[in-house]
Structure formats: C-alpha cells, structure tokens
Amino acid sequence: MDTRRTAGGEKEDPGLPLYDAWKSRPGPRTLTPLVTHLDPVIEKALGAYGYAGDSNMRNTARVMAIRSVPRFDPKRASLGTFVFGELRRMQRVGPQQEY
C-alpha cells in the first residue's frame, strides 16, 4: 500500500487519483478502476457485517459503493473510509434481501 505523506504529514489517499480521474470524466472507463480499487474495502465491509462469501450482497455492496462516490468529499475522509462508512447501510439492506 502507498504510504506517501502530504506536506502536513497526513497519509496520501491512494484512491484519490482514481477519484479525481472519475470526477473530471465520469463514465465507465474511469469508474471501473475506481471500483476495482475499492474491492478490498467492499470485502472488508462484507466480512464485518456478516456477508462474507455472499455474491448477492457483494453485488449490492458494489452498487452502494458506486452510488456513494458522488457524495465523497476528499477534505473530510479518505475514499476507503468514506465508502466503508457508507456500506454500514448493508446492515439494514441485507435482512430485506434474505429469502
């Protein structure tokens, strides 16, 4: 993982260049690498909320992550932290999807 630091001593967000690329040219070409970068965060959230190995919830989590990207503010959190927080909603969405 990239551990470069900014002038203020904070870690540089490795997802920020991907987000910036998507922000300047929204579309599938820039969104796909961004979501691929977020896959470890999505897998971590799936495990944390009891859905590890559930392919239906993985797809739901990816859609939730994609929908959260426009609300991301780089001044408030790292991209991974923001998306992980947004995926907390899986705790409410998941039980509705069980059959």
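Residues numbered from 1 in each chain as written. Predicted model: local features only at pLDDT ≥ 70, side-chain atom pairs only at ≥ 80, totals over all residues. Heavy atoms only, no water.

This next bit is on the nonpolar core. One recurring pattern in soluble globular proteins is that nonpolar side chains are buried together. Grouped together as the largest cluster of nonpolar side chains are 23 residues, with contacts concentrated most on Val83, Leu87 and Met90. Elements that contribute at least two residues to this core include exactly α1 (16-24), α2 (28-48), α3 (55-68) and α4 (79-86). Take this core: its biggest share by element is eight residues, from α2. When residues no more than four places from it in sequence are discounted, the contact partners of Leu87 are Ile42, Ala45, Tyr49, Ala61, Met64 and Ala65. (Core = buried A, V, L, I, M, F, W, Y, C linked by side-chain atoms within 4.5 Å. Buried < 20%, exposed > 50% of the residue type's maximum accessible area, 1.4 Å probe, protein only. Helix = DSSP H or I, 4+ residues; strand = E, 2+ residues; numbered from the N terminus. Contact = heavy atoms within 4.5 Å.)

Here we take up the packing of α2 against α3. Orientation of α2 relative to α3, taken along the N-to-C sense of each, is 125°, at an axis distance of 9 Å. Classified by the angle their axes make, α2 and α3 are oblique. Crossing of α2 against α3: the hand is right-handed. Contact with α2, carried on its side by Leu31, Val35, Asp39, Ile42, Glu43 and Leu46, involves Met57, Arg58, Ala61, Arg62, Ala65 and Ile66 of α3 and no other residues of that element. Grouping the amino acids of the contact of α2 with α3 by side-chain chemistry returns eight nonpolar, no polar and four charged. (Axes fitted to C-alpha atoms, helices over the stretch in contact; angles between N-to-C directions. Parallel < 35°, antiparallel > 145°, perpendicular 65-115°, else oblique. Left-handed = near helix turned anticlockwise from the far one by under 90°. Nonpolar A, V, L, I, M, F, W, Y, C, P; charged D, E, K, R; others polar.)

One can describe the packing of α3 onto α4 by two numbers: an axis separation of 9 Å at closest approach and a directional angle of 120°. Judged by the angle between their axes, α3 and α4 are oblique. Relative to α4, the crossing made by α3 is right-handed. Contact residues: Met64, Ala65 and Ser68 in α3; Phe82, Val83 and Glu86 in α4.

Moving on to α3. Along an α-helix, a turn takes 3.6 residues, which lines up residues three or four apart on a common side. End to end, α3 covers 20 Å across 14 residues, agreeing with the expected 20 Å (1.5 Å per residue, within 8%). Of the positions making up α3, those classed as buried are Met57, Thr60, Ala61, Met64, Ala65 and Ser68. For α3, the angular spread of the buried residues around the axis is 140°, confining them to a single face. Where α3 begins, the side chain of Asp54 points an oxygen toward the backbone nitrogen of Asn56, at a separation of 3.0 Å. (Expected span 1.5 Å × (residues − 1). Arc of directions from axis to C-beta. Polar contact = N/O pair within 3.5 Å; in protein donor to acceptor, adjacent residues only side chain to side chain.)

On to α4, then. Those residues of α4 lying buried are Leu79, Phe82, Val83 and Glu86. Across the axial projection of α4, the buried residues extend over an arc of 95°, all falling on one side. For α4, the elements touching its buried residues are α1, α2 and α3.

We now examine the pattern of salt bridges. Pairs may arise between side chains of opposite charge once their charged atoms sit close together. This structure, assessed with the given rule, holds four salt bridges. The partner of Arg71 in a salt bridge is Glu86, with the nearest N and O atoms 2.5 Å apart. With Arg71 in the loop between α3 and α4 and Glu86 in helix α4, the pair connects residues that are 15 residues apart, well separated along the chain. When its relative accessible area of 46% is taken as the criterion, Arg71 is described as partly exposed. A salt bridge links Glu86 to Arg89; the shortest N-O distance between them is 3.8 Å. Linked through salt bridges whose partners overlap, the residues forming this network are Arg71, Glu86 and Arg89. (Salt bridge = Lys/Arg side-chain N within 4 Å of Asp/Glu carboxyl O.)

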